[in-house]
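# Inside the fold
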Amino acid sequence: MTSENVLQHQKCRGMRDLLPSDMVRFRRVETAFREGCVAYGYEEVKPPTIEYLSLFTALGTLTPGMVGRVYSFLDWDGWSGERVVLRPDSTIPVARLYVENLSPRAPVRLSYVTNSFVFEQTGEKPRERWQCGAEFIGGASVVTEVEILQLARDVISRLGFDGANLQMCHAGLLKALIEELELPADEREVLVETVLDGDWKDLFARVRSVGDRKRYLLPLIEVQGRSAGYLENIRSLSSDSGESFKKALDQFIEVATLLDELELKYEIDITAVRTFEYYTGICFQFLSPTGEKIGGGGRYDDLIPQMGGPDLSACGFALYVDQLMGMIKEQAAVGRFVAVVCDESSPQVVRRTLEVAGAIRTVGGAAAVGICRGPEFTEMYRWVVRILPEDLERVEVLDTETNERTVCSIADAVGRLMS
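Below is a short write-up of the structure. Keep in mind the model is a prediction, meaning the values are calculated, not measured.

A word on the sheet that holds strand β3 (residues 71–75). The strand order β2-β4-β3 describes an open sheet built from three strands, whose pairing is antiparallel. Looking at strand neighbours, the two that pair on one side only are β2 (50–52) and β3, the edges of this open sheet. Taking each pair of neighbouring strands and ignoring which way they run, the sheet shows an average axis angle of 40°. With five bridges connecting them, β3 and strand β4 (residues 82–86) associate as antiparallel partners. Bridge pairing in β4 places L74 opposite R83.

This part is about the sheet that holds strand β1 (residues 43–44). Sheet strands line up and pair through hydrogen bonds in the backbone, either parallel or antiparallel. Here eight strands make up an open sheet; going across it, the order is β1-β5-β6-β11-β10-β9-β7-β8 and the pairing mixed. If you trace the sheet from one side to the other, it starts and ends with β1 and β8 (267–268), each paired once. For strand β7 (residues 165–170) and strand β9 (residues 282–287), the ladder comprises six bridges, and the chain directions are antiparallel. Bridge pairing in β9 links C169 to C283. Sitting on the sheet, helix α1 (residues 20–40) is in contact with β1, β5 (108–117), β6 (128–137) and β11 (314–320), with an inclination near 160° to β5. The strands touched by helix α11 (residues 243–261) are β7, β8 and β9; relative to β7, the strand with the most contacts, the crossing angle is about 155°.

Along a regular strand, successive side chains alternate from one face of the sheet to the other. A large share of β7 lies buried, amounting to five of its six residues. Pairing of β7 with β8 involves two bridges; the strand directions are parallel. Bridge pairing links Q167 to E267 in β8.

Scanning all chains against the criterion turns up eight aromatic pairs. When the ring of F33 is compared with that of F317, the centres are 6.5 Å apart and the planes differ by 75°; the resulting orientation is edge-to-face. Here F33, found in helix α1, pairs with F317, found in strand β11; they are 284 residues apart in sequence, far enough to count as distant. Per residue, the accessibility class of F33 equals that of F317, and both read buried. Feature note: the residues Y278, Y279 and Y300 constitute an aromatic cluster, connected by ring pairs. Across the ring face of W383, the terminal group of R382 is positioned such that the distance to the ring centre comes to 4.4 Å.

What follows is about the environment of V118. Note on placement: V118 falls in the loop between β5 and β6. On the accessibility criterion, V118 (5% relative accessible area) is buried. Between the alpha carbons of V118 and E128 there is a distance of 6.7 Å; along the sequence they are ten residues apart. If we skip the residues at most four places from it in the chain, V118 touches R69, Y71, P88, P126, R127 and R129.

This part is about the environment of M168. Relative to the assigned elements, M168 resides in strand β7. According to the relative accessible area criterion, M168 is buried, its value standing at 0%. Between the C-alpha atoms of M168 and Q285, which are 117 residues apart in sequence, the distance is 6.6 Å. Not counting the four nearest positions on each side in its chain, M168 is found in contact with L149, F252, L259, Y266, E267, I268, D269, I270, I282, C283 and F284.

Let us now look at α11. Along its 19 residues, α11 runs 27 Å from first to last C-alpha, staying within 8% of the 27 Å computed at 1.5 Å per residue. Taken together, the buried positions of α11 are occupied by F245, A248, L249, F252, I253, V255, A256 and L259. Two residues or fewer after α11 comes E263, characterised by a positive phi angle close to 60°.

The buried fraction of helix α6 (residues 171–180) amounts to eight of the ten residues, a majority that puts the element mostly inside the structure. Along α6, the residues classified as buried are A171, G172, L173, L174, A176, L177, I178 and E180. Contacts made by the buried residues of α6 are with β7, α7 (185–196), α8 (201–210), α9 (217–222), α11 and β9.

Once that is clear, we can look at unusual backbone geometry. Across the junction of S103 and P104, the peptide omega takes the value 5°, indicating a cis bond. Tracing the backbone through its elements, the reader meets P104 in the loop between α4 (91–102) and β5. The linkage connecting A106 with the following residue, P107, adopts the cis geometry, with an omega of -5°. Mapped onto the fold, P107 is located in the loop between α4 and β5. Its identity is not glycine, yet E263 carries a phi of approximately 60°, on the positive side. Mapped onto the elements, E263 comes out in the loop between α11 and β8. Residues other than glycine seldom take positive phi values, yet N403 does so here, at roughly 65°. For N403, the position within the fold is in the loop between β15 (394–399) and β16 (404–409).

In this structure, M168, L203, F245, F284 and F317 are the most contacted members of the largest nonpolar core, which totals 97 residues. No other element matches the eight residues that α11 contributes to this core. With residues up to four places along the chain from it excluded, the contact list for L203 reads L174, L177, I178, L181, L191 and V195.

With that out of the way, let us pick up the side chain of R299. Mapping R299 onto the fold places it in strand β10 (residues 293–299). A distance of 2.7 Å separates polar atoms of two side chains, one belonging to R299 and the other to D301.

Criteria and thresholds
The residue numbers shown here count from 1 along each chain, following its written sequence. Only residues with pLDDT of 70 or above have their local features reported here, since the model is predicted, and side-chain atom pairs are shown and tallied only from 80 upward, although totals for entire chains, interfaces and linings are computed over all residues. Think of the side-chain values as coming from all heavy atoms in the structure, minus any hydrogens and water. Strand pairing requires that DSSP identify at least two bridges connecting the strands. Segments assigned H or I by DSSP are reported as helices when at least four residues long, segments assigned E as strands when at least two residues long, and all are numbered from the N terminus. Structural elements are reduced to axes, namely lines fitted to C-alpha atoms, with helices fitted over the stretch in contact, and the angle between N-to-C directions of any two is expressed from 0 to 180 degrees. Every residue pair with non-hydrogen atoms within 4.5 Å of one another is taken to be in contact. Exposed residues in this analysis have more than 50% of their type's maximum accessible area, buried residues have under 20%, and partly exposed residues fall in between, with area computed by a 1.4 Å probe over protein chains only. Any two rings among Phe, Tyr and Trp, with Trp reduced to its six-membered ring, count as a pair given centres within 6.5 Å; such a pair is stacked if its planes are under 30 degrees apart, edge-to-face if over 60, and tilted if neither. Placement of a positive charge over a ring is assigned whenever Lys NZ or Arg CZ falls within 6 Å of the ring centre and within 35 degrees of the normal to the ring plane. Multiply 1.5 Å by the residue count of a helix minus one, and that product is the helix's expected span. To qualify as a nonpolar core, a set must consist of buried Ala, Val, Leu, Ile, Met, Phe, Trp, Tyr and Cys residues joined through side-chain atoms within 4.5 Å. Residues adjacent in sequence count toward polar contacts only when both atoms are side-chain atoms; beyond that, a polar contact is any pair of N or O atoms within 3.5 Å, and within protein one must be able to donate a hydrogen and the other to accept it.

Next up, the structure:
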């Protein structure tokens, strides 16, 4: 067969193959997340990969810029031709899942491990993104936000990443700040959209143009605080602000004060709001020591009622599995896994090899079987057990960390490996 006749298959641009070493990291993140969720009383759910596009557009939860970045196609089931999407977000599908299946039960704590899909023009950045997320629906204000932040921080700590930086903002306060600019409705709408798409230049320019007339606005966007005292200083300057601004600022101060009392460190940055506009209250993101975003979330009080569910507030977060995997150091893919090998393929030796591997598994161990052909077993496994052809009741045990070799009975070998 000529090279011209060989089909050249490659993965789709922006997609990623998860290799065995990647899956070790993936499962480590997943395990830390699930253990944290169990400790906090969260129940696991799994929404479908495909949702109706209208679930996102009818609620105004996708900015115009994001609508063009979803993977959508026509669903011809029943010849309706309704457009569906590969979910670009996980919070909205989980909220729908709650309304459709669990409402009006409250409070409800839900967790999930899912992927989401967002089109990226160059294909050089991921188009499929894995998330571990949790949603607290119907919980009491302030307590809900703090618990969600504690859970997210707990999961990150379980992974050994204690240097992660928590940044907080308040979507309601940001929207109230824009209202304080007293812009015409059309200009205000455009400004909100540009901010949600990550462009802050216009907002900064308009706030600076207000000057001393509303002197509480500029420090809110230019100064980063690290305690509730920072927000209280803003409040002391904003006696002439509107009620929406005062209410949102008071809510922010409540949460920040409780976090201070719990000694949970954070940084206040009003510009940390991004992308989806369904958030109504506290928003936050976690950054790695190098500044990479590894998670985020916030409060969304209007989403569930807009879906036809009860009038319940909710708060949630997602941790980004791909980024967390990249922070986990290289490690052996199989840990204390045992390789049981033999130097020849005679029926008696092969049978004994399989029996020894089975004995290890029976007592709770993990063992792989192979005919020894080279050094790969010493590179991949913590222990290598070699069957001795001259005495099928005895084995040689190699500790690959110390390079120590021991000849002993099969029973003694199994006991040592499982100790």
